[in-house]
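Fold and contact review
Spelled out from the first residue to the last, the chains are:
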Amino acid sequence: MKRSSRITIHPEALQHNLKRAKQAAPNSKTLAVIKADAYGHGAVATAGILYEIADGFAVSCIPEAVELRDAGITKPITILQGHQSADDLRAAAHFDLRLTVHNDRQLSLLDQYSHQHKTGFEVNLKIDTGMHRLGFHPDRAADVFQKLSSHSQVNADQLILMTHLSCADELDNKITKQQLTCFADAEKGIASPTLLTKSIANSAGILGWEDSHSDWIRPGIMLYGSSPFATSHRDEHDLKAAMTLNAPIIAIHDLKKGDNIGYGATWQCPTDMKVAIIACGYADGYPRHAASGTPVWINSEEAQLVGRVSMDMIVVDISHFEDKNIQVGDLAELWGKNLSVDRIAQSADTIAYELLCNAGIACERI
Ligand SMILES: Cc1ncc(COP(=O)(O)O)c(C=O)c1O
(Lines give C-alpha, C1' and ligand atoms only; values in the text may rest on other atoms or scores of the structure.)
Protein backbone atom coordinates (compact mmCIF):
# COMPACT_ATOMS: atom_id res chain seq x y z
CA MET A 1 0.00 0.00 0.00
CA LYS A 2 1.46 3.35 -1.00
CA ARG A 3 0.78 6.12 1.50
CA SER A 4 2.73 9.16 2.60
CA SER A 5 3.49 7.69 6.00
CA ARG A 6 6.20 5.06 6.37
CA ILE A 7 7.84 2.99 9.05
CA THR A 8 11.57 2.52 9.28
CA ILE A 9 12.88 -0.55 11.08
CA HIS A 10 16.15 -0.25 13.00
CA PRO A 11 18.03 -3.58 12.81
CA GLU A 12 20.68 -2.56 15.34
CA ALA A 13 17.93 -1.79 17.88
CA LEU A 14 16.33 -5.21 17.41
CA GLN A 15 19.68 -6.89 17.96
CA HIS A 16 20.48 -4.70 20.95
CA ASN A 17 17.11 -5.43 22.58
CA LEU A 18 17.46 -9.19 22.14
CA LYS A 19 20.91 -8.99 23.71
CA ARG A 20 19.30 -7.10 26.60
CA ALA A 21 16.88 -10.00 27.10
CA LYS A 22 19.77 -12.47 27.12
CA GLN A 23 21.72 -10.30 29.54
CA ALA A 24 18.72 -10.13 31.89
CA ALA A 25 18.31 -13.93 31.84
CA PRO A 26 21.84 -15.19 31.19
CA ASN A 27 21.10 -18.83 31.97
CA SER A 28 18.11 -19.13 29.66
CA LYS A 29 17.79 -19.84 25.98
CA THR A 30 15.90 -17.31 23.91
CA LEU A 31 12.82 -17.76 21.80
CA ALA A 32 12.28 -14.43 20.02
CA VAL A 33 8.53 -13.87 19.67
CA ILE A 34 7.90 -12.66 16.11
CA LYS A 35 4.19 -13.41 15.78
CA ALA A 36 1.85 -10.91 14.06
CA ASP A 37 4.55 -10.10 11.51
CA ALA A 38 7.00 -9.44 14.34
CA TYR A 39 4.62 -6.98 16.00
CA GLY A 40 4.45 -5.08 12.72
CA HIS A 41 8.21 -5.04 12.08
CA GLY A 42 8.17 -7.74 9.38
CA ALA A 43 8.66 -11.33 10.53
CA VAL A 44 11.02 -12.50 7.80
CA ALA A 45 13.23 -9.43 8.04
CA THR A 46 13.21 -9.55 11.84
CA ALA A 47 14.09 -13.25 11.90
CA GLY A 48 16.99 -12.51 9.57
CA ILE A 49 18.19 -9.62 11.73
CA LEU A 50 17.99 -11.71 14.93
CA TYR A 51 19.18 -14.94 13.37
CA GLU A 52 22.60 -15.17 14.98
CA ILE A 53 21.42 -14.10 18.44
CA ALA A 54 18.14 -16.00 18.94
CA ASP A 55 18.04 -19.70 19.78
CA GLY A 56 14.66 -19.96 18.09
CA PHE A 57 11.53 -18.07 17.07
CA ALA A 58 7.91 -18.19 18.22
CA VAL A 59 4.85 -17.40 16.11
CA SER A 60 1.13 -17.87 16.70
CA CYS A 61 0.09 -20.26 13.98
CA ILE A 62 1.31 -22.56 11.23
CA PRO A 63 0.96 -20.09 8.29
CA GLU A 64 3.22 -17.61 10.10
CA ALA A 65 5.85 -20.34 10.48
CA VAL A 66 5.52 -21.48 6.86
CA GLU A 67 6.26 -17.94 5.72
CA LEU A 68 9.51 -18.06 7.70
CA ARG A 69 10.51 -21.50 6.42
CA ASP A 70 9.73 -20.45 2.82
CA ALA A 71 12.07 -17.51 3.34
CA GLY A 72 14.86 -19.85 4.38
CA ILE A 73 14.69 -19.50 8.17
CA THR A 74 15.90 -22.88 9.44
CA LYS A 75 16.13 -22.14 13.19
CA PRO A 76 13.66 -23.84 15.57
CA ILE A 77 10.16 -22.35 15.35
CA THR A 78 7.49 -22.78 18.04
CA ILE A 79 3.78 -22.49 17.24
CA LEU A 80 2.34 -20.80 20.34
CA GLN A 81 -1.29 -21.71 19.55
CA GLY A 82 -0.32 -25.20 18.39
CA HIS A 83 -2.06 -27.30 15.76
CA GLN A 84 -5.79 -26.95 15.00
CA SER A 85 -6.17 -29.71 12.39
CA ALA A 86 -4.57 -32.77 10.81
CA ASP A 87 -3.35 -30.47 8.01
CA ASP A 88 -1.55 -28.39 10.62
CA LEU A 89 0.18 -31.55 11.87
CA ARG A 90 1.24 -32.46 8.35
CA ALA A 91 2.65 -28.96 7.88
CA ALA A 92 4.39 -29.11 11.26
CA ALA A 93 6.02 -32.41 10.29
CA HIS A 94 7.00 -31.17 6.86
CA PHE A 95 8.42 -27.85 8.09
CA ASP A 96 9.85 -29.18 11.35
CA LEU A 97 7.82 -26.96 13.71
CA ARG A 98 7.48 -27.25 17.49
CA LEU A 99 3.87 -27.62 18.61
CA THR A 100 2.15 -26.28 21.69
CA VAL A 101 -0.42 -28.69 23.10
CA HIS A 102 -2.96 -27.00 25.37
CA ASN A 103 -6.20 -28.97 25.02
CA ASP A 104 -7.67 -32.45 24.60
CA ARG A 105 -8.68 -31.86 21.01
CA GLN A 106 -5.04 -31.38 20.09
CA LEU A 107 -4.16 -34.62 21.92
CA SER A 108 -6.83 -36.46 19.90
CA LEU A 109 -5.49 -35.00 16.66
CA LEU A 110 -2.06 -36.30 17.61
CA ASP A 111 -3.55 -39.73 18.41
CA GLN A 112 -5.30 -39.82 15.04
CA TYR A 113 -2.29 -38.62 13.06
CA SER A 114 -1.72 -41.51 10.74
CA HIS A 115 1.63 -40.62 9.18
CA GLN A 116 4.45 -41.71 11.41
CA HIS A 117 6.58 -38.68 12.25
CA LYS A 118 10.13 -39.80 11.75
CA THR A 119 11.65 -38.31 14.90
CA GLY A 120 8.43 -37.42 16.73
CA PHE A 121 6.96 -33.92 17.08
CA GLU A 122 8.67 -31.49 19.39
CA VAL A 123 6.01 -30.34 21.82
CA ASN A 124 5.42 -27.70 24.48
CA LEU A 125 2.84 -28.79 27.03
CA LYS A 126 1.01 -25.66 28.13
CA ILE A 127 -0.43 -25.40 31.62
CA ASP A 128 -2.99 -22.77 32.56
CA THR A 129 -1.70 -21.30 35.81
CA GLY A 130 -4.35 -18.60 36.03
CA MET A 131 -4.65 -16.66 32.81
CA HIS A 132 -7.49 -18.88 31.60
CA ARG A 133 -6.68 -18.38 27.98
CA LEU A 134 -4.83 -21.53 26.83
CA GLY A 135 -3.58 -24.56 28.75
CA PHE A 136 -4.51 -27.66 30.70
CA HIS A 137 -5.65 -27.34 34.28
CA PRO A 138 -2.56 -27.74 36.53
CA ASP A 139 -4.12 -30.87 38.09
CA ARG A 140 -3.73 -32.55 34.72
CA ALA A 141 -0.09 -31.60 34.11
CA ALA A 142 1.39 -34.91 35.27
CA ASP A 143 -1.10 -37.09 33.35
CA VAL A 144 -0.81 -35.20 30.10
CA PHE A 145 2.97 -35.02 30.47
CA GLN A 146 3.04 -38.79 30.91
CA LYS A 147 0.79 -39.31 27.89
CA LEU A 148 2.97 -37.10 25.70
CA SER A 149 6.20 -38.70 26.96
CA SER A 150 5.03 -42.11 25.86
CA HIS A 151 3.26 -40.98 22.67
CA SER A 152 4.53 -42.60 19.50
CA GLN A 153 4.29 -39.28 17.62
CA VAL A 154 6.14 -37.19 20.21
CA ASN A 155 9.85 -36.72 20.80
CA ALA A 156 9.81 -37.31 24.58
CA ASP A 157 13.35 -35.95 25.10
CA GLN A 158 12.32 -32.56 23.77
CA LEU A 159 9.18 -31.92 25.85
CA ILE A 160 8.92 -28.45 27.38
CA LEU A 161 6.48 -27.54 30.16
CA MET A 162 5.24 -23.99 29.68
CA THR A 163 2.82 -21.40 30.98
CA HIS A 164 2.09 -17.74 30.34
CA LEU A 165 1.97 -14.90 32.87
CA SER A 166 -1.06 -12.61 32.87
CA CYS A 167 0.08 -9.75 35.13
CA ALA A 168 3.88 -9.72 35.06
CA ASP A 169 3.77 -6.14 33.77
CA GLU A 170 2.48 -5.02 37.20
CA LEU A 171 5.37 -5.49 39.59
CA ASP A 172 3.19 -5.25 42.71
CA ASN A 173 0.56 -7.69 41.47
CA LYS A 174 0.37 -10.86 43.61
CA ILE A 175 -0.96 -12.95 40.73
CA THR A 176 2.49 -13.54 39.23
CA LYS A 177 3.78 -15.20 42.44
CA GLN A 178 0.59 -17.27 42.56
CA GLN A 179 1.11 -18.38 38.96
CA LEU A 180 4.74 -19.33 39.64
CA THR A 181 3.71 -21.34 42.71
CA CYS A 182 0.95 -23.02 40.75
CA PHE A 183 3.46 -23.95 38.03
CA ALA A 184 5.94 -25.32 40.59
CA ASP A 185 3.14 -27.43 42.13
CA ALA A 186 2.14 -28.74 38.72
CA GLU A 187 5.73 -29.85 38.08
CA LYS A 188 5.87 -31.85 41.28
CA GLY A 189 3.60 -34.61 39.97
CA ILE A 190 5.84 -35.18 36.97
CA ALA A 191 8.49 -37.93 37.16
CA SER A 192 12.00 -36.38 37.42
CA PRO A 193 10.79 -32.77 37.73
CA THR A 194 14.41 -31.62 38.13
CA LEU A 195 15.14 -32.71 34.56
CA LEU A 196 12.15 -30.87 33.16
CA THR A 197 12.72 -28.19 30.55
CA LYS A 198 10.52 -25.17 31.26
CA SER A 199 9.41 -21.89 29.69
CA ILE A 200 7.48 -19.13 31.46
CA ALA A 201 8.75 -15.58 30.98
CA ASN A 202 7.52 -12.96 28.51
CA SER A 203 9.25 -9.56 28.40
CA ALA A 204 7.83 -8.41 31.72
CA GLY A 205 8.87 -11.70 33.33
CA ILE A 206 12.38 -11.35 31.91
CA LEU A 207 12.88 -7.81 33.19
CA GLY A 208 10.83 -7.95 36.37
CA TRP A 209 10.55 -11.49 37.72
CA GLU A 210 13.81 -13.41 37.94
CA ASP A 211 12.01 -16.47 39.32
CA SER A 212 10.20 -16.82 36.01
CA HIS A 213 13.29 -17.11 33.82
CA SER A 214 13.66 -20.93 33.71
CA ASP A 215 15.16 -22.64 30.61
CA TRP A 216 13.57 -20.70 27.76
CA ILE A 217 12.55 -17.05 27.82
CA ARG A 218 10.03 -15.72 25.29
CA PRO A 219 10.69 -11.98 24.78
CA GLY A 220 8.24 -10.13 22.55
CA ILE A 221 7.50 -6.47 23.12
CA MET A 222 10.93 -5.66 24.60
CA LEU A 223 12.58 -6.71 21.31
CA TYR A 224 10.76 -3.86 19.65
CA GLY A 225 11.94 -1.26 22.15
CA SER A 226 8.82 -0.82 24.24
CA SER A 227 8.85 -1.04 28.02
CA PRO A 228 6.61 -3.90 29.19
CA PHE A 229 5.78 -1.86 32.31
CA ALA A 230 3.37 1.09 32.29
CA THR A 231 5.35 2.61 35.15
CA SER A 232 8.78 2.74 33.52
CA HIS A 233 10.26 4.17 30.34
CA ARG A 234 12.18 2.12 27.78
CA ASP A 235 15.41 3.99 28.67
CA GLU A 236 15.27 2.62 32.21
CA HIS A 237 15.55 -0.87 30.69
CA ASP A 238 18.10 0.15 28.07
CA LEU A 239 15.72 -0.67 25.23
CA LYS A 240 15.91 1.06 21.87
CA ALA A 241 13.10 1.86 19.43
CA ALA A 242 13.02 -0.70 16.61
CA MET A 243 10.38 1.19 14.57
CA THR A 244 10.02 4.85 13.63
CA LEU A 245 6.75 6.07 12.09
CA ASN A 246 7.19 9.17 9.94
CA ALA A 247 4.86 11.25 7.80
CA PRO A 248 5.26 14.60 6.01
CA ILE A 249 3.77 17.99 6.81
CA ILE A 250 1.40 18.74 3.90
CA ALA A 251 0.05 22.17 4.93
CA ILE A 252 0.69 24.96 7.44
CA HIS A 253 -2.02 27.44 8.54
CA ASP A 254 -2.41 30.48 10.73
CA LEU A 255 -5.63 30.24 12.75
CA LYS A 256 -7.44 32.80 14.87
CA LYS A 257 -8.46 32.55 18.50
CA GLY A 258 -11.77 30.63 18.66
CA ASP A 259 -11.31 28.75 15.35
CA ASN A 260 -12.40 25.09 15.51
CA ILE A 261 -10.09 22.26 14.54
CA GLY A 262 -11.03 18.92 12.98
CA TYR A 263 -14.10 16.67 12.94
CA GLY A 264 -16.71 17.43 15.54
CA ALA A 265 -15.10 20.83 16.15
CA THR A 266 -13.95 19.39 19.46
CA TRP A 267 -11.01 21.78 19.81
CA GLN A 268 -11.03 25.58 19.69
CA CYS A 269 -7.91 27.67 19.39
CA PRO A 270 -7.38 29.35 22.79
CA THR A 271 -5.36 32.10 21.07
CA ASP A 272 -4.09 32.84 17.55
CA MET A 273 -2.14 29.76 16.50
CA LYS A 274 -0.02 28.21 13.76
CA VAL A 275 -0.79 24.58 12.95
CA ALA A 276 0.76 21.94 10.70
CA ILE A 277 -1.27 19.25 8.96
CA ILE A 278 0.56 15.90 8.93
CA ALA A 279 -0.36 13.16 6.46
CA CYS A 280 -0.91 10.41 8.98
CA GLY A 281 -4.11 9.16 10.58
CA TYR A 282 -5.85 6.05 11.75
CA ALA A 283 -5.56 4.47 8.27
CA ASP A 284 -1.80 4.54 8.88
CA GLY A 285 -2.09 2.86 12.26
CA TYR A 286 -2.00 6.09 14.24
CA PRO A 287 -4.50 5.68 17.08
CA ARG A 288 -7.80 7.48 16.53
CA HIS A 289 -8.18 7.99 20.26
CA ALA A 290 -4.89 9.86 20.68
CA ALA A 291 -5.86 12.82 22.86
CA SER A 292 -5.16 16.47 22.18
CA GLY A 293 -1.74 17.06 23.68
CA THR A 294 -0.22 13.82 22.33
CA PRO A 295 3.39 14.62 21.40
CA VAL A 296 4.63 14.72 17.81
CA TRP A 297 8.31 15.20 17.00
CA ILE A 298 9.13 17.78 14.33
CA ASN A 299 12.61 19.04 13.49
CA SER A 300 14.10 18.19 16.91
CA GLU A 301 11.23 19.65 18.91
CA GLU A 302 8.07 18.34 20.46
CA ALA A 303 4.77 19.68 19.20
CA GLN A 304 1.28 18.67 20.28
CA LEU A 305 -1.67 17.10 18.53
CA VAL A 306 -4.85 19.22 18.60
CA GLY A 307 -8.36 18.05 17.70
CA ARG A 308 -9.50 14.64 16.52
CA VAL A 309 -7.35 12.23 14.54
CA SER A 310 -8.77 11.83 11.00
CA MET A 311 -8.35 8.87 8.66
CA ASP A 312 -5.16 10.18 7.11
CA MET A 313 -4.35 13.50 8.78
CA ILE A 314 -3.64 15.02 12.15
CA VAL A 315 -3.32 18.66 13.16
CA VAL A 316 -0.39 19.77 15.29
CA ASP A 317 0.18 23.02 17.15
CA ILE A 318 3.44 24.54 15.90
CA SER A 319 2.91 28.05 17.30
CA HIS A 320 6.16 27.83 19.24
CA PHE A 321 8.30 27.10 16.15
CA GLU A 322 10.30 29.82 14.38
CA ASP A 323 8.95 30.15 10.80
CA LYS A 324 12.29 29.22 9.29
CA ASN A 325 12.35 25.99 11.29
CA ILE A 326 9.29 24.40 9.77
CA GLN A 327 8.07 23.90 6.21
CA VAL A 328 5.66 21.86 4.14
CA GLY A 329 7.51 18.67 3.23
CA ASP A 330 9.32 18.33 6.56
CA LEU A 331 8.99 14.85 8.05
CA ALA A 332 7.33 14.48 11.43
CA GLU A 333 8.02 11.52 13.71
CA LEU A 334 4.85 10.08 15.23
CA TRP A 335 6.85 7.64 17.36
CA GLY A 336 10.29 6.08 17.21
CA LYS A 337 13.80 7.04 18.23
CA ASN A 338 12.79 10.43 19.66
CA LEU A 339 9.29 9.70 20.95
CA SER A 340 8.63 6.38 22.64
CA VAL A 341 5.66 4.49 21.26
CA ASP A 342 4.63 3.91 24.89
CA ARG A 343 3.95 7.63 25.34
CA ILE A 344 1.68 7.68 22.33
CA ALA A 345 -0.07 4.49 23.46
CA GLN A 346 -0.69 5.95 26.91
CA SER A 347 -2.07 9.11 25.40
CA ALA A 348 -4.50 7.02 23.33
CA ASP A 349 -5.44 4.74 26.23
CA THR A 350 -3.99 1.67 24.52
CA ILE A 351 -0.76 -0.34 24.45
CA ALA A 352 2.31 -0.18 22.24
CA TYR A 353 1.63 -3.70 20.93
CA GLU A 354 -1.50 -2.45 19.15
CA LEU A 355 0.14 0.61 17.64
CA LEU A 356 3.15 -1.29 16.31
CA CYS A 357 1.02 -4.07 14.80
CA ASN A 358 -1.38 -1.61 13.15
CA ALA A 359 1.35 0.59 11.68
CA GLY A 360 3.03 -2.55 10.36
CA ILE A 361 -0.14 -3.52 8.52
CA ALA A 362 -0.85 -0.06 7.15
CA CYS A 363 2.48 1.46 6.22
CA GLU A 364 5.21 0.95 3.73
CA ARG A 365 8.20 -0.46 5.59
CA ILE A 366 11.79 0.58 5.09
C1 LIG B 1 2.68 -17.40 24.91
C2 LIG B 1 3.39 -16.11 24.74
N3 LIG B 1 4.67 -16.00 25.14
C4 LIG B 1 5.35 -14.85 25.01
C5 LIG B 1 4.78 -13.72 24.48
C6 LIG B 1 5.55 -12.43 24.40
O7 LIG B 1 4.99 -11.50 25.26
P8 LIG B 1 5.55 -10.00 25.38
O9 LIG B 1 5.34 -9.39 24.05
O10 LIG B 1 4.73 -9.36 26.41
O11 LIG B 1 6.99 -10.14 25.72
C12 LIG B 1 3.45 -13.78 24.05
C13 LIG B 1 2.80 -12.59 23.51
O14 LIG B 1 1.67 -12.28 23.72
C15 LIG B 1 2.74 -15.01 24.19
O16 LIG B 1 1.47 -15.11 23.79
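A few words on the packing of helix α3 (residues 43-50) against helix α4 (residues 62-70). Direction vectors running N to C along α3 and α4 enclose 60 degrees, while the axes themselves pass 9 Å from each other. As judged from the angle between their axes, α3 and α4 are oblique. When you trace α3 past α4, the crossing you get is right-handed. Two secondary-structure elements touch here, α3 through A43, V44 and A47 and α4 through E64, E67 and L68.

Interaxial distance between helix α1 (residues 11-24) and α3 falls to 9 Å at its minimum, and their mutual angle equals 60 degrees. Put simply, α1 runs oblique to α3. Viewed along their axes, α1 and α3 form a crossing whose handedness is right-handed. Side by side, α1 and α3 meet where P11, L14, Q15 and L18 of the first sit next to T46, I49 and L50 of the second. Here the contact of α1 with α3 is composed, by residue class, of five nonpolar, two polar and no charged.

The next point concerns α1. An ideal rise of 1.5 Å per residue puts 20 Å on 14 residues; α1 measures up with 20 Å between its terminal C-alpha atoms. Along α1, the positions that sit buried rather than exposed are A13, L14, N17, L18, R20, A21 and A24. The buried residues of α1 occupy an angular sector of 150 degrees when projected down its axis, which confines them to one face. Turned more than 90 degrees away from the buried face of α1 sit E12 and Q23, all of them exposed. In this fold, the buried residues of α1 make contact with β2 (29-33), α3, α9 (203-208) and β9 (216-217).

The next thing to look at is the nonpolar core. Nonpolar side chains tend toward joint burial in soluble globular proteins. Counting 103 residues, the largest nonpolar core has A32, F57, L125, M243, I278, V316 and L334 as its most contacted members. Each of domain 1 (11-226) and domain 2 (243-365) gives at least three residues to this core. In contact with V316, other than residues within four places in its own chain, are V275, A276, I278, V296, A303, Q304, L305 and V306.

Here we take up the pairing of strand β17 (residues 331-335). When you tally the buried positions in β17, you get four out of five residues, the bulk of the element. Here strand β10 (residues 243-255) pairs with β17 via four bridges, running antiparallel. Within the sheet, the bridge partner assigned to N246 lies in β17 and is E333. Note: strand β14 (residues 295-298) against β17, two bridges, orientation antiparallel.

The rules behind each value
Residues numbered from 1 in each chain as written. Predicted model: local features only at pLDDT ≥ 70, side-chain atom pairs only at ≥ 80, totals over all residues. Axes fitted to C-alpha atoms, helices over the stretch in contact; angles between N-to-C directions. Helix = DSSP H or I, 4+ residues; strand = E, 2+ residues; numbered from the N terminus. Parallel < 35°, antiparallel > 145°, perpendicular 65-115°, else oblique. Left-handed = near helix turned anticlockwise from the far one by under 90°. Contact = placed C-beta atoms within 7 Å. Nonpolar A, V, L, I, M, F, W, Y, C, P; charged D, E, K, R; others polar. Expected span 1.5 Å × (residues − 1). Buried ≥ 20, exposed ≤ 12 C-beta atoms within 10 Å, placed from the backbone. Arc of directions from axis to C-beta. Core = buried A, V, L, I, M, F, W, Y, C linked by C-beta atoms within 7 Å. Domains from an automatic or database assignment. Pairing = 2+ DSSP bridges.

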